[in-house]
Amino acid sequence: MSPGGTRLLRAALFDLDGTLVDSRPDIVACFRLAARELGLSAPPEESVARCIGLPLAEMARQIWGAELAPETAHAVAASYHRHYLEVVGRETAAHLGAEEVLRALR
C-alpha cells in the first residue's frame, strides 16, 4: 500500500487480440489462404469474424459448415498456422488509444 492507504497497481494483464490490437484482417487473410490451399471457397469476412476466439478447427466447421470433415477442419487449422507466421502483423494494428494506456500504466 502507498502511504495514503491506496493500493498500488503492480501488474495488469490484457488479452492481445481484440483488446489491444485489431487482428481481424490478418485472421481473415489466413483463413482465405488456407481455403485456397485446400480448394475450399473463400470465406466472407463476417463468417470468419463471428467465430474468432474459437479453436481453429472449430472455426473452420463454423465457417464451412458441419459437413466439413474433421480431417479437413484440422488441415485448415494447420494451413492457417503456416500462413499466420507469414501474415502476422501485415494488417494488425493497435486499437486507438491502446499505446497510450499501456504507457500510462508504466
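The notes below deal with the structure included here. (Residues numbered from 1 in each chain as written. Predicted model: local features only at pLDDT ≥ 70, side-chain atom pairs only at ≥ 80, totals over all residues. Heavy atoms only, no water.)

Moving on to the packing of helix H3 (residues 56-64) against helix H4 (residues 70-87). As a packed pair, H3 and H4 sit with axes 8 Å apart at the nearest point and diverge in direction by 115°. Judged by the twist between their axes, the crossing of H3 over H4 is right-handed. In this structure, H3 uses Leu56, Ala57, Ala60, Arg61 and Trp64 to contact H4, whose residues at the interface are Ala73, His74, Val76, Ala77, Tyr80 and His81. Each residue belonging to the contact of H3 with H4 can be placed in one class, and the counts come to eight nonpolar, two polar and one charged. (Axes fitted to C-alpha atoms, helices over the stretch in contact; angles between N-to-C directions. Helix = DSSP H or I, 4+ residues; strand = E, 2+ residues; numbered from the N terminus. Left-handed = near helix turned anticlockwise from the far one by under 90°. Contact = heavy atoms within 4.5 Å. Nonpolar A, V, L, I, M, F, W, Y, C, P; charged D, E, K, R; others polar.)

To continue, consider the packing of helix H1 (residues 24-38) against H4. Packing of H1 against H4 brings their axes to within 8 Å, and their N-to-C directions diverge by 125°. The orientation of H1 relative to H4 falls into the category oblique. The handedness of the crossing between H1 and H4 comes out as right-handed. For the pair H1 and H4, contact is made by Asp26, Ile27, Ala29, Cys30, Phe31, Leu33, Ala34, Glu37 and Leu38 and by Ala75, Val76, Ser79, Tyr80, Arg82, His83, Tyr84 and Val87, respectively. (Parallel < 35°, antiparallel > 145°, perpendicular 65-115°, else oblique.)

Our next topic: H3. Given 3.6 residues per turn, any residue in an α-helix points the same way as the ones three and four places further on. Within the sequence span of H3, burial applies to Leu56, Ala57, Met59, Ala60, Ile63 and Trp64. The buried side chains of H3 occupy one side of the element, clustering within an arc of 155° when seen end-on. Downstream of H3 by one or two residues, Gly65 has phi in the positive range, about 100°. (Buried < 20%, exposed > 50% of the residue type's maximum accessible area, 1.4 Å probe, protein only. Arc of directions from axis to C-beta.)

Below, the discussion takes up the nonpolar core. The tendency in soluble globular proteins is for nonpolar side chains to be buried as a group. Core analysis: the biggest nonpolar cluster contains 20 residues, and Phe31, Val48, Met59 and Trp64 have the highest contact counts within it. Breaking this core down by element, the ones donating at least two residues are H1, H3 and H4. With near-sequence residues (within four places) excluded, Phe31 lies in contact with Pro43, Val48, Leu56, Met59, Ala60, Ile63, Trp64, Val76 and Tyr80. (Core = buried A, V, L, I, M, F, W, Y, C linked by side-chain atoms within 4.5 Å.)

Looking at where Glu91 falls in the secondary structure, it is placed in the loop between H4 and strand E2 (93-94). On a C-alpha basis, the gap between Glu91 and Ala29 in space is 9.3 Å, while along the polypeptide they are 62 residues apart. If sequence neighbours within four positions are ignored, Glu91 has contacts with Asp22, Pro25 and Asp26.

Here the structure, examined in full by the defined rule, presents three aromatic pairs. Pairing Phe31 with Tyr80 gives two aromatic rings, centres 4.9 Å apart and planes at 50°, and the pair type is tilted. Placement of the pair is Phe31 in helix H1 and Tyr80 in helix H4, with a sequence separation of 49 residues. Taking relative accessible area as the criterion, Tyr80 reaches 8% and is therefore assigned buried. Judged by centre distance (5.7 Å) and plane angle (10°), the ring pair of Tyr80 and Tyr84 falls under stacked. (Phe/Tyr/Trp six-rings, centres within 6.5 Å; stacked < 30°, edge-to-face > 60°.)

Geometric descriptors of this kind do not, in isolation, establish any biological role.
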